[in-house]
Amino acid sequence: MHNQSKVRLPESIWELSKNEQELKQRILHYMRHYPGYTVLRVEGRIAICDIGR
C-alpha cells in the first residue's frame, strides 16, 4: 500500500541554490533524511512524497 506525505523543505535549499538543477540536487540530498520517501513533486516549499509502506 502506498501513502502520500508532505515534507516541509528548509528555506536554505532555495537560498543556496544557484539554478534549478542545483535546487533539485539539494532537495534530493535533503530527502535522504526520510528513508523510503520518494519525491513526486514540489509545491511551494513542500515536497509531496510517496511512502512505500
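All of the points below concern the structure found in this document.

## Here we look at the pairing of strand β2 (residues 37-43)
Then, number 1: Judged from the 6 bridges that link them, β2 and strand β3 (residues 46-52) form a sheet pairing that is antiparallel. Pairing of Glu-43 across the sheet is with Ile-46, part of β3.
Then, number 2: Connecting the antiparallel pair β2 and β3 is a turn made up of 2 residues, with Gly-44 showing a positive phi of about 65°.

## As for the packing of aromatic side chains
Then, number 1: In the structure shown here, the tally under the stated rule is 2 aromatic pairs.
Then, number 2: For the pair Tyr-30 and Tyr-34, a centre-to-centre distance of 6.1 Å together with 50° between the ring planes defines the contact as tilted.
Then, number 3: Their ring planes at 45° and their centres at 5.3 Å tell us that Tyr-34 and Tyr-37 sit as a pair that is tilted.
Then, number 4: Residue class for Tyr-34 comes out partly exposed when judged on its relative accessible area of 28%.
Then, number 5: Looking at Tyr-37, the relative accessible area reads 21%, which means it is partly exposed.
Then, number 6: Here the aromatic cluster, defined as three or more aromatic residues joined through ring pairs, consists of Tyr-30, Tyr-34 and Tyr-37.

Reading guide: rules and limits
- Residues numbered from 1 in each chain as written.
- Predicted model: local features only at pLDDT ≥ 70, side-chain atom pairs only at ≥ 80, totals over all residues.
- Heavy atoms only, no water.
- Pairing = 2+ DSSP bridges.
- Helix = DSSP H or I, 4+ residues; strand = E, 2+ residues; numbered from the N terminus.
- Phe/Tyr/Trp six-rings, centres within 6.5 Å; stacked < 30°, edge-to-face > 60°.
- Buried < 20%, exposed > 50% of the residue type's maximum accessible area, 1.4 Å probe, protein only.

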